[in-house]
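Coordinates in review
Listed below, chain by chain, are the residues.
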Amino acid sequence: MKSRNLAILALFIVQLLYGFNYTFAKTIMNEGYVKPFGLVLLRVGGAALLFWLLNLFLPSKKIEKKDFIKLFYAAIFGVFINMLFFLKGLEFTSPIHASTIMTIVPIVILVLSVFILKERISNIKIIGIALGFIGALVLTLYGKSARAADDVILGNTMIFLNAVSYSVYVILIKKLTAKYHPFDFIKWLFLFGLILVLPFGYSEVLAVNWESFTPYITWSLVFVVVGATFGTYLLNPLAISRLKASTVGIFIYLQPVIAGLFAVANGSGVIDLIKIIAISLIFLGVYFVSKKPKAAS
């Protein structure tokens, strides 16, 4: 029970970091400091460096050669496709829209975990996922961005593709965490990811004017790299190793609430009746999926 509680705490911290990340990353990109693919390269490169430095101080198990192929696929879906579509999509849509569309992840994970991992899903979880998805749908169809220059449809489509890619990553990483501790393989995941994103972000990183950075932008970039990348990819596999993949996906429903409140506090989002209805449905969904079904008498 203790390890499960720690895993749940880790998942909550991950959602908190991701929730803040939407506003920080969008500010960096939309104010012209770093373009999306350049920010991806900085995220992946910075996190890769931190994971390899961490590896110097921790014992690690040798990865079997056959598992490097699985790690490479995990890097494709969890780092390469996931991050490129996420930041490019976030450039065109709002933090509230992006975070809410990510709630499609439990639906994809639910299907994948049933057919691939052979997990059993209770009816109460299905109801909870459905309610959360309806909340996400309400916000996507009727919500508006506070920024006139946003192309919400294009951005939302890219965020959707990012969500699907992330779902595949969760399933792939679940199998690896059953065999290895996250510290054993996470450094390889980011090394492969760095190689994949380098051609896309190299020129945009070279174009960055570092001297123009304000203290807030510097802090935002540090948060994106250390908190929302290194921290989340460190904690998420720890949680996945102790919880069902479908349970991990369910916690993503917290992201729109955290991201929405933080975006409003920073002036990059607005709360209206539609958003309140959507967030209420999401909270109701989280309530249902977190309830344990009663044991048969």
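Because the structure is predicted, anything quoted here is derived from the model rather than measured. (Residues numbered from 1 in each chain as written. Predicted model: local features only at pLDDT ≥ 70, side-chain atom pairs only at ≥ 80, totals over all residues. Heavy atoms only, no water.)

1. Side note on the overall build of the chain
Scanning the chain for helices and strands turns up 12 helices and 0 strands. Helices and strands in the chain line up, N terminus first, as α-α-α-α-α-α-α-α-α-α-α-α. Counting the 297 residues in the chain, one finds 54% classified as buried. Of all intrachain contacts in the chain linking residues separated by at least 6 positions in sequence, the fraction that spans at least 24 positions is 92%. As presented, the chain carries roughly 13,700 Å² of accessible surface, and 71% of it is formed by carbon and sulfur atoms. (Helix = DSSP H or I, 4+ residues; strand = E, 2+ residues; numbered from the N terminus. Buried < 20%, exposed > 50% of the residue type's maximum accessible area, 1.4 Å probe, protein only. Contact = heavy atoms within 4.5 Å. Areas by Shrake-Rupley, 256 points an atom, 1.4 Å probe, with all protein chains shown as cover.)

2. A short note on a nonpolar patch on the surface
Taken together, the side chains of Leu6, Leu9, Phe12, Ile13 and Leu16 present a nonpolar region at the surface, about 420 Å² in accessible area. Under the relative-accessibility criterion, Leu16 is labelled partly exposed at 31%. (Patch = residues over 30% accessible without salt bridge, like charges linked within 9 Å, V, L, I, M, F, W, Y side chains within 5 Å. Salt bridge = Lys/Arg side-chain N within 4 Å of Asp/Glu carboxyl O.)

3. Brief notes about the packing of helix H3 (residues 65-92) against helix H8 (residues 182-206)
Each packed pair of helices is defined by two parameters, the angle between the axes and the distance between the axes. Where H3 meets H8, the axes come as close as 8 Å, and the angle between the chain directions of the two elements is 50°. Considering their axes alone, H3 and H8 lie oblique with respect to each other. For the pair H3 and H8, the crossing hand works out as right-handed. Facing H3, whose interface residues are Phe68, Leu71, Phe72, Ala74, Ala75, Ile76, Val79, Phe80, Met83 and Leu84, H8 presents Phe185, Trp188, Leu189, Phe190, Phe192, Gly193, Leu196, Val197 and Phe200. Here the contact of H3 with H8 is composed, by residue class, of 18 nonpolar, 1 polar and no charged. (Axes fitted to C-alpha atoms, helices over the stretch in contact; angles between N-to-C directions. Parallel < 35°, antiparallel > 145°, perpendicular 65-115°, else oblique. Left-handed = near helix turned anticlockwise from the far one by under 90°. Nonpolar A, V, L, I, M, F, W, Y, C, P; charged D, E, K, R; others polar.)

4. Some details on the pattern of salt bridges
For the structure on display, the rule yields 5 salt bridges. A salt bridge links Lys66 to Glu64, with the nearest nitrogen and oxygen atoms 3.9 Å apart. Overall, the relative accessible area of 37% leaves Glu64 in the partly exposed class. We note a salt bridge from Glu91 to Lys88, for which the minimum N-O separation is 3.3 Å. Note that Glu91 and Lys88 are positioned in helix H3 at a spacing of 3 residues, about one turn of the helix.

5. Observations concerning the packing of helix H7 (residues 152-177) against helix H9 (residues 215-240)
Running from amino to carboxyl end, H7 crosses H9 at an angle of 65°, the nearest separation of the two axes being 9 Å. Considering how the two elements wind past one another, H7 and H9 form a crossing that is right-handed. On H9, the residues touching Tyr166, Tyr169, Val170, Ile173, Lys174 and Thr177 of H7 are Tyr233, Asn236, Pro237 and Ile240. Considered class by class, the residues forming the contact of H7 with H9 number 7 nonpolar, 2 polar and 1 charged.

6. Some details on H3
Given a rise of 1.5 Å per residue, 28 residues ought to cover 40 Å, and the 40 Å separating the end C-alpha atoms of H3 matches this to within 8%. Largest kink in H3: about 35°, centred on Asn82. (Expected span 1.5 Å × (residues − 1). Bend = angle between axes of the 7 residues up to and from the residue.)

7. Brief notes about empty space enclosed by the protein
Counted according to the given criterion, the structure contains 3 cavities of 30 Å³ or more. Here the largest cavity defines a volume of roughly 190 Å³. Around the largest cavity, the lining is made up of 18 residues, and of these Tyr18, Asn82, Met102, Tyr166 and Gln255 lie nearest the centre. When residues of the lining of the largest cavity are traced back to their parent elements, those giving at least two are helix H1 (2-30), H3, H7 and H9. By volume, the second largest cavity is sized at about 50 Å³. Along the walls of the second largest cavity sit Phe51, Leu54, Asn55, Leu58, Ser60, Phe183, Ile186 and Lys187, which together make up its complete lining. Its residues assigned to classes, the lining of the second largest cavity comprises 5 nonpolar, 2 polar and 1 charged. (1 Å grid on protein atoms, 1.4 Å probe; cavity = no way out; pocket = protein on both sides within 12 Å on 5 of 7 lines; lining within 4 Å. Points joined across faces, edges and corners; volume = space filled by probe spheres on them.)

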